[in-house]
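Chain by chain, the residues:
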Amino acid sequence: MTTALELDVVTAGYGDNPIVREFSARLEAGTITTLLGGNGAGKSTLLRAIYGTNRLFSGRILFKGEAIERLPPWERLRRGVGFVPQGRCNFPAMSVGENLKMGCYTLPSSKHEAAIGRMTDLFPLLREKWRTEAGNMSGGEQQILEMAMVLLLEPSLLLLDEPSLGLSPRMQGDVFATVQRIAATGVTVLIVEQNVRGALLISDRALVMEQGRRFMEGPADEVRTDPRIRQAYLGGNIKETAA
Ligand SMILES: Nc1ncnc2c1ncn2[C@@H]1O[C@H](COP(=O)(O)OP(=O)(O)OP(=O)(O)O)[C@@H](O)[C@H]1O
Ligand SMILES: [Mg+2]
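Analysis parameters
- Residues numbered from 1 in each chain as written.
- Chains lettered and ligands numbered in written order.
- Predicted model: local features only at pLDDT ≥ 70, side-chain atom pairs only at ≥ 80, totals over all residues.
- Helix = DSSP H or I, 4+ residues; strand = E, 2+ residues; numbered from the N terminus.
- Rg over C-alpha atoms; globule rule 2.2 N^0.38 Å.
- Buried ≥ 20, exposed ≤ 12 C-beta atoms within 10 Å, placed from the backbone.
- Contact = placed C-beta atoms within 7 Å.
- Pairing = 2+ DSSP bridges.
- Core = buried A, V, L, I, M, F, W, Y, C linked by C-beta atoms within 7 Å.
- Axes fitted to C-alpha atoms, helices over the stretch in contact; angles between N-to-C directions.
- Near = placed C-beta within 6 Å.
- Nonpolar A, V, L, I, M, F, W, Y, C, P; charged D, E, K, R; others polar.
- Parallel < 35°, antiparallel > 145°, perpendicular 65-115°, else oblique.
- Left-handed = near helix turned anticlockwise from the far one by under 90°.
- Expected span 1.5 Å × (residues − 1).
- Arc of directions from axis to C-beta.

(A) Representation of the overall build of the protein in the model. When helices and strands are counted, the protein shows 10 helices and 10 strands. Its C-alpha atoms give the protein a radius of gyration of 18 Å, within 12% of the compact-globule value 18 Å for 243 residues. Counting only C-alpha atoms, the protein reaches 45 × 45 × 35 Å along its principal axes. Burial statistics for the protein: of 243 residues in total, 38% are counted as buried. A fraction of 68% describes how many contacts in the protein between residues 6 or more apart in sequence connect residues 24 or more apart.

This is the structure we're talking about:
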């Protein structure tokens, strides 16, 4: 197993406020990890710290064995860290097609067509909505566009913040299936999800955060069946259903 990402006693937050505290974790290449925690626990803050868009107070972040904690976000992106933030559409006044073309800007032009083709194959919705103004799509559809914009650049680590929020159950299933397919190509995924059950079912590992600190870590199956986790995140006594 190769370690893709290592968080070494990371403390991160905003201004003078550390939110994530002394958080350590290791993600093996090609695995999917769910990051669980209550509202305000610091999940989004941790993803931002890995991408480099908030303040790192202390600790180290190793990506493919190299320290990246001092690099600006665009340099982390260039090295293969892809971040899809929670529900935001970058260019709402542009069509879906124009958005995807914009997303290719760091790729050599000879690769644009193939990259966009991969995304419209992965998400046929984007082909159907090619001429639609991105801002006029539903929140969930915009979320899929944002994911495609990041995937265009073929990241080897994908940080996903609530990718299924606002999606119909069927589209949530599509997103989870897509994440699995992406991971099967060797991409490492760290996912924060409001659909905890769905996320755990596709995950290899789970990390649980409470008030910014690591509370639990282990195989997703074990975390899913832990009584404390069932109580806090899975509505207590719910019957398990197979994936
Ligand atoms: N830009 C910001 N500036 C200052 N404080 C922030 C900022 N973003 C988040 N916080 C604070 O950091 C804490 C953790 O927020 P964060 O968004 O990381 O939680 P979360 O676990 O992602 O929660 P949720 O499940 O609601 O998305 C909260 O107390 C929040 O108020
Ligand atoms: Mg959040």
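That covers the picture; the talk isn't over yet.
(B) Highlighting the pairing of strand 1 (residues 3–14). Pairing of strand 1 with strand 2 (residues 17–28), which is carried by 8 bridges, proceeds in the antiparallel orientation. Along strand 2, the bridge assignment pairs Gly 13 with Pro 18. From the end of strand 1 to the start of strand 2, which pair antiparallel, there are 2 residues, and Gly 15 there has a positive phi angle of about 55 degrees. Relative to strand 4 (residues 55–63), strand 1 runs antiparallel, the two sharing 7 bridges. Among the inter-strand pairings, Ala 12 is bridged to a residue of strand 4, identified as Leu 56.

(C) Molecular detail of the environment of Lys 43. Structurally, the position occupied by Lys 43 is in helix 1 (residues 43–51). On the basis of neighbour count, Lys 43 is assigned to the buried category, with 25 C-beta atoms found within 10 Å. Remark: the alpha-carbon pair of Lys 43 and Thr 178, spanning 135 residues in sequence, is separated by 22 Å. Residues contacting Lys 43, with those up to four places away along its chain left out, are Leu 35, Gly 37, Val 192 and Met 209.

(D) Seen up close, the nonpolar core. Of all hydrophobic cores here, the largest spans 63 residues; its most connected members are Ala 148, Leu 159, Val 189 and Ile 191. With 6 residues, helix 6 (residues 139–151) is the single largest residue contributor to this core. Setting aside chain neighbours within four positions, we find Val 189 in contact with Ile 32, Thr 33, Leu 158, Leu 160, Val 179, Ile 182 and Ala 183.

(E) Layout of the sheet that holds strand 10 (residues 213–219). Pairing within the open sheet is mixed, and its 6 strands lie in the order 6-7-8-3-9-10. If you trace the sheet from one side to the other, it starts and ends with strand 6 (81–84) and strand 10, each paired once. Averaged over all neighbouring strand pairs, the angle between strand axes comes to 15 degrees, with direction disregarded. Here strand 6 runs beside strand 7 (residues 157–161); their pairing, made up of 4 bridges, is parallel. If you follow Gly 82 over to strand 7, its bridge partner there is Leu 158. Sitting on the sheet, helix 7 (residues 169–184) touches strand 3 (32–36), strand 7 and strand 8 (188–192), and the angle it makes with strand 8 is about 155 degrees.

(F) Quick look at the site of ligand 1. Taken together, Tyr 14, Ile 19, Gly 37, Asn 39, Gly 40, Ala 41, Gly 42, Lys 43, Ser 44 and Thr 45 are the residues near ligand 1. The greatest single-element share of the shell around ligand 1, amounting to 3 residues, is contributed by helix 1. Across the shell around ligand 1, the residue classes tally to 3 nonpolar, 6 polar and 1 charged.

(G) Examining the packing of helix 3 (residues 96–103) against helix 6 more closely. Where helix 3 contacts helix 6, the two axes come as close as 8 Å, and the packing angle between them is 25 degrees. Between helix 3 and helix 6, the crossing angle belongs to the class labelled roughly parallel. With respect to the hand of their crossing, helix 3 and helix 6 are arranged in right-handed fashion. Listed contacts from helix 6 to Val 96, Asn 99, Leu 100 and Gly 103 of helix 3 are Leu 145, Ala 148 and Met 149.

(H) Geometry of helix 7. In this model helix 7 runs 23 Å from its N-terminal to its C-terminal C-alpha over 16 residues, within 8% of the 22 Å that 1.5 Å per residue would give. By the burial criterion, the buried members of helix 7 are Gln 172, Val 175, Phe 176, Val 179, Ile 182 and Ala 183. Angularly, the buried residues of helix 7 cover 120 degrees about the axis, an arc narrow enough to put them on a single face. Across helix 7 from its buried face, at more than 90 degrees, point the exposed residues Arg 170, Ala 177, Arg 181 and Ala 184. Of the surrounding elements, those touching the buried residues of helix 7 are strand 3, strand 7, strand 8 and helix 8 (196–202). Gly 186 lies just past helix 7 and shows a positive phi near 105 degrees.

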